[in-house]
Amino acid sequence: MITDNNKKLAQWAMDYALKNGCRAVKLALYSNSNASFELRDGKMDRLQQASESGLSISLYVDGKYGSYSTNRLDKKELESFIKNGIDSTRYLAVDEARVLPDTSRYYKGGKPDLQLFDERFETINPDDKVAVARAAAEEVLGKDNRVISVSTSYGDGENSSYRLTSNGFEGESKSTWFSVSADVALRGEGEARPSSYWYDSALFYDKLVKSGIGATALERALRKLGQKKVASGKYTMVVDSVNSSSLLRPMLSALYGSALQQKNSFLLDKLNAKVGGGLLNLMDEPHIIGARGARYFDSEGVATEPRPIFESGVLKTYFIDTYNSRKMGVEPTVGSPSLLVLKPGNKDLNGLVADVRKGILVTGFNGGNCNSSSGDFSYGIEGFLIENGKPTRPISEMNVTGNMITLWASLSAVGNDPRLSSSWRIPSLVFEDVDFSGL
């Protein structure tokens, strides 16, 4: 938790840096704590608790820039830390692109509380936390003689930060999180050991789903028994909402200023061009109350705002911070997305699958990569063969290959089932004529 004394220390540190040779200063004070309780087969296996407080400071000295951090939050210690930082920065090369944002772009305050912090965080009994993990294990133990092991865990944490810049920004944020998960391993055919997991997370303890986690993990693992490859070819690909974000991630990475400035993006020079199908409608919605990822300002203090990213497949924005905007000679936007929302359709996963005559339902990605310059990708997958609208044989040890722009151009359906506990609210997705390699 950031206290008033912490804030006064941060303000003093900024003033001290300015008085000792800095042209400008950006500073962030942070305080984080977390705990996890991990059980194996219902018995305590590992307990972890950690807390961390520190200060990071960016110094702008004689056209040069340096960034430094410390966890020694004492005035005497900070004096030498800042002086050493200033001296070190003077050895660096001049970089005129390193400047603070224009003051007109800062968040000025006055908007309603985003409700991201659970005031109960400090009062939850550790025994209750362990009980959540144990309950998930008990949903599995003794339910099937093919179960080899079940690992369950409960975790929670709080994150607080206080940011200052010497040209007028001051902002504070804090949030909590809670999670529960289960991982089940089974004895399959021969040497096969299929496994699966399930989890839930929430910003508030009372909103955390605490039942059905273990049972769902067991059900998902049992469905994998008898996994085989199927014939290579082009299939309709259905990706469930647990994994759909994995296919969107390369598209988002290609929009960052750092990638664009280095010409390491397959979406370079694609602004206002059509790069996906008509159902690709993605928004950054940073101001949804009580939602993971919601925020009023980014790491620079720049105000966030609702922002279309793709509209009917047309790319509408890049994510360009102050530094990369000056390097590229373009207008800045915001450093990164906050809360991604893909416009949903009107069917759940079962409904999407029911519309597929021959396809593959992807329920997991196992390794692989996407080339950031070309957009070409290859991922290992597991899931189910779809025949006449129904999942039939479980499959594994297959690859899906293609190009991201081609893939997203083939988007033919979007589900109505995003995980609302995530900052990436991406429903199940359907793509046509996707290349799979197997037998």
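Cut-offs and rules
- Residues numbered from 1 in each chain as written.
- Predicted model: local features only at pLDDT ≥ 70, side-chain atom pairs only at ≥ 80, totals over all residues.
- Heavy atoms only, no water.
- Salt bridge = Lys/Arg side-chain N within 4 Å of Asp/Glu carboxyl O.
- Buried < 20%, exposed > 50% of the residue type's maximum accessible area, 1.4 Å probe, protein only.
- Helix = DSSP H or I, 4+ residues; strand = E, 2+ residues; numbered from the N terminus.
- Pairing = 2+ DSSP bridges.
- Axes fitted to C-alpha atoms, helices over the stretch in contact; angles between N-to-C directions.
- Contact = heavy atoms within 4.5 Å.
- Phe/Tyr/Trp six-rings, centres within 6.5 Å; stacked < 30°, edge-to-face > 60°.
- Core = buried A, V, L, I, M, F, W, Y, C linked by side-chain atoms within 4.5 Å.

Draft legend 1. How the structure looks around the pattern of salt bridges. Enumeration over the complete set of coordinates arrives at 14 salt bridges. Two residues, Glu-38 and Arg-46, come together in a salt bridge whose shortest N-O distance is 3.1 Å. Judged by relative accessible area, which is 42%, Arg-46 ranks as partly exposed. For Asp-206, the salt bridge is made with Arg-120, and the minimal N-O distance between the two is 2.6 Å. Residue Asp-206 is located in the loop between strand 6 (195-202) and helix 4 (213-222), and its partner Arg-120 is located in the loop between helix 2 (75-89) and helix 3 (126-138); the two are separated by 86 residues in the primary sequence. Classification of Asp-206 by relative accessible area gives exposed; the value is 56%. Residue classification places Arg-120 among the partly exposed positions, given a relative accessible area of 35%. A cluster of three or more residues bridged by salt bridges with shared partners is formed by Asp-62, Asp-87 and Arg-90.

Draft legend 2. Here's a closer look at the sheet that holds strand 1 (residues 24-40). Sheet architecture is open: six strands sit in the order 3-2-1-4-5-6, paired in antiparallel fashion. Both edges of this open sheet fall to strand 3 (64-70) and strand 6, since each of them pairs with a single strand only. Each strand of the sheet is rotated relative to its neighbour by a mean of 20 degrees, with strand direction disregarded. Against the sheet, helix 3 engages strand 1, strand 2 (43-61), strand 4 (147-165) and strand 5 (170-186), with an angle of about 140 degrees to strand 4. Along the sheet face, helix 4 touches strand 4, strand 5 and strand 6 and points at about 150 degrees away from the line of strand 6.

Draft legend 3. Up close: the packing of aromatic side chains. One pass over the structure, following the stated rule, counts 17 aromatic pairs. Here Trp-408 and Phe-431 contribute two aromatic rings whose centre-to-centre distance is 5.2 Å and whose plane-to-plane angle is 90 degrees, an arrangement assigned as edge-to-face. Placement of Trp-408 in helix 9 (residues 404-409) and of Phe-431 in strand 17 (residues 429-437) is noted, with a sequence separation of 23 residues between them. Residue Trp-408 is classed as buried on the basis of its relative accessible area, which comes to 0%.

Draft legend 4. A look at the nonpolar core. Met-237, Leu-247, Met-251, Trp-408, Phe-431 and Phe-436 are the most contacted members of the largest nonpolar core, which has 46 residues in total. If sequence neighbours within four positions are ignored, Leu-247 has contacts with Met-237, Val-239, Phe-365, Tyr-379, Met-404, Leu-407, Trp-408 and Phe-431. Grouped together as the second largest cluster of nonpolar side chains are 27 residues, Ala-35, Phe-37, Ala-136 and Val-150 included.

Draft legend 5. Summary view of the side chain of Ser-33. Looking at where Ser-33 falls in the secondary structure, it is placed in strand 1. The contacts of Ser-33, once residues within four sequence positions are left out, are Ala-50, Ser-51, Phe-121, Asp-156, Gly-157 and Glu-158.

Draft legend 6. Focus on the environment of Lys-343. With respect to the helices and strands, the residue Lys-343 is situated in the loop between strand 11 (340-342) and helix 8 (349-354). C-alpha separation for the pair Lys-343 and Leu-282, spaced 61 residues apart in sequence, amounts to 6.3 Å.

Draft legend 7. Looking closely at the pairing of strand 7 (residues 233-239). In terms of burial, strand 7 is largely enclosed, as five of its seven residues are buried. Sheet topology note: the strand 7/strand 17 ladder contains six bridges and is antiparallel. Within strand 17, the residue paired with Lys-234 across the bridge is Asp-435. Across four bridges, the pairing between strand 7 and strand 12 (residues 358-370) is parallel. Bridge assignment links Val-239 to a residue of strand 12, and that residue is Val-362.

Draft legend 8. Highlighting unusual backbone geometry. Phi is positive for Asp-62, which is not a glycine, with a value near 55 degrees. Among the secondary structure elements, Asp-62 is positioned in the loop between strand 2 and strand 3. In this structure, Ser-312 is a non-glycine residue whose phi angle is positive, near 50 degrees. By the secondary structure assignment, Ser-312 is in the loop between strand 9 (307-311) and strand 10 (314-315).

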